[in-house]
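A look at the structure
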Amino acid sequence: MGLFKRNPFGHILFVKKWLIRILGSMTHRRYRGFNALQIEGSEIIKNLPDKNVLFVSNHQTYFADVVAMFHVFNASLSGRTNSIKNVGYLWNPKLNVYYIAARETMRAGLLARIVSYAGAITVERTWREKGKDVNRQVKMSDITNIGTALKDGWVITFPQGTTKPWKPIRKGTSHIIKKYNPVVVPIVIDGFRRSFDKKGIRIKKKGILQSMVIKEPLKFDENDSVESIIEKIEMAIEQHPSFVKVIPKEVLLEQEKLNEQRRWSYKE
């Protein structure tokens with residue numbers, strides 16, 4: 001790799017590699033130290049094509065979610081299954097991994113701009129800006145940039161566009177799937193909201209077991225409607241309205257027991 005080789009967005013790959021190494025080393029203990037990250041299905045990562053893969057996930061913090069995915073993806077590609085033990089997997093990270101983020105968020109401070117260089121594809125939100133509701137058209141340049149990223153590698157997106165649970169899937173994700181026909185891999189995360197503050201920078205609570213479940217790629221038909229694609233994604237990332245139906249008391253008690261076992265302080 002040439003010292004000044006760049007990706008399609010003009011980022012110098014040598015700089016990006018060292019940025020991922022440094023940030024990865026600094027954040028590793030957040031998922032294997034202060035708190036634990038339980039991973040399921042990471043063997044799927046190793047069998048994916050090198051390009052045109054779209055990861056769709058629920059969202060709990062601005063940065064901690066996607067940083068955890070960078071860890072898991074690179075650990076899996078280096079031969080670790082469902083484990084991020086030994087941060088050496090970051091020495092030769094996959095450099096064509098991108099993530100979609102709100103332009104407003106990625107311009108809010110120096111840290112956000114640094115993290116943005118690691119792979120952010122920034123888009124202008126059509127429904128929210130500076131804490132206020134807005135209503136505007138999708139920028140075609142944003143869709144084109146996502147297409148460019150898919151053509152170059154992998155893209156992570158949080159199709160609800162918010163860290164609040166049970167919010168609807170944005171139609172833009174369906175349009176991306178219909179236009180570029182990527183391999184679509186669902187991811188379900190949990191525990192990040194309890195572990196970190198909203199930005200995913202400050203550790204809010206220690207001893208929390210975070211989880212990440214990577215599922216088999218979704219299957220879509222070329223005749224699938226936008227609404228049908230949205231429903232499949234909602235079900236896959238467990239954000240469909242059916243998941244918020246009344247939960248039986250026995251199930252809630254079982255979940256409480258599991259949450260207690262997730263704490264580092266738990267003793268049998």
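Above: the structure in question.
Anyway, here's the lowdown on the structure attached to this text. (Residues numbered from 1 in each chain as written. Predicted model: local features only at pLDDT ≥ 70, side-chain atom pairs only at ≥ 80, totals over all residues. Heavy atoms only, no water.)

Points about a nonpolar patch on the surface
- There is a patch of nonpolar side chains on the surface, built from F14, V15, W18, I22, M26 and W91 and spanning about 640 Å² of accessible area.
- Relative to the helices and strands, V15 is located in helix 1 (residues 13–31).
- Taking the relative accessible area as the measure of exposure, V15 reaches 39% and is therefore partly exposed. (Patch = residues over 30% accessible without salt bridge, like charges linked within 9 Å, V, L, I, M, F, W, Y side chains within 5 Å. Areas by Shrake-Rupley, 256 points an atom, 1.4 Å probe, with all protein chains shown as cover. Salt bridge = Lys/Arg side-chain N within 4 Å of Asp/Glu carboxyl O. Helix = DSSP H or I, 4+ residues; strand = E, 2+ residues; numbered from the N terminus. Buried < 20%, exposed > 50% of the residue type's maximum accessible area, 1.4 Å probe, protein only.)

Quick look at the sheet that holds strand 2 (residues 53–57)
- Read across the sheet, seven strands follow the order 1-9-8-2-7-3-4 without closing on themselves; strand pairing throughout is mixed. What marks the edges here is a single partner per strand, and that holds for strand 1 (36–40) and strand 4 (120–123). Taking the axes of each pair of neighbouring strands and ignoring which way they run, one obtains an average angle of 25 degrees across the sheet.
- Lying on the sheet, helix 6 (residues 140–152) is in contact with strand 2, strand 3 (97–102), strand 4 and strand 7 (154–157); it crosses strand 4 at an angle near 165 degrees. (Pairing = 2+ DSSP bridges. Axes fitted to C-alpha atoms, helices over the stretch in contact; angles between N-to-C directions. Contact = heavy atoms within 4.5 Å.)

Considering the nonpolar core
- Of all hydrophobic cores here, the largest spans 42 residues; its most connected members are L37, F55, F73, Y99, I156 and M212.
- The element contributing the most residues to this core is helix 3 (residues 64–77), with eight residues.
- Contacts of L37, omitting those with residues within four sequence positions, involve Y31, A68, V72, I84, F192, L209, Q210, S211 and M212.
- Counting residues in each nonpolar core, the second largest holds 20 residues, with Y98, A149, L150 and I176 among its members. (Core = buried A, V, L, I, M, F, W, Y, C linked by side-chain atoms within 4.5 Å.)

Re the pattern of salt bridges
- Tallied over the entire structure, the rule returns five salt bridges.
- For the salt bridge of R103 with D142, the shortest nitrogen-to-oxygen distance reads 2.8 Å. Of this pair, R103 sits in helix 4 (residues 103–106) while D142 is found in helix 6, placing the two residues 39 residues apart along the sequence.
- Residue R103 is classed as buried on the basis of its relative accessible area, which comes to 15%.

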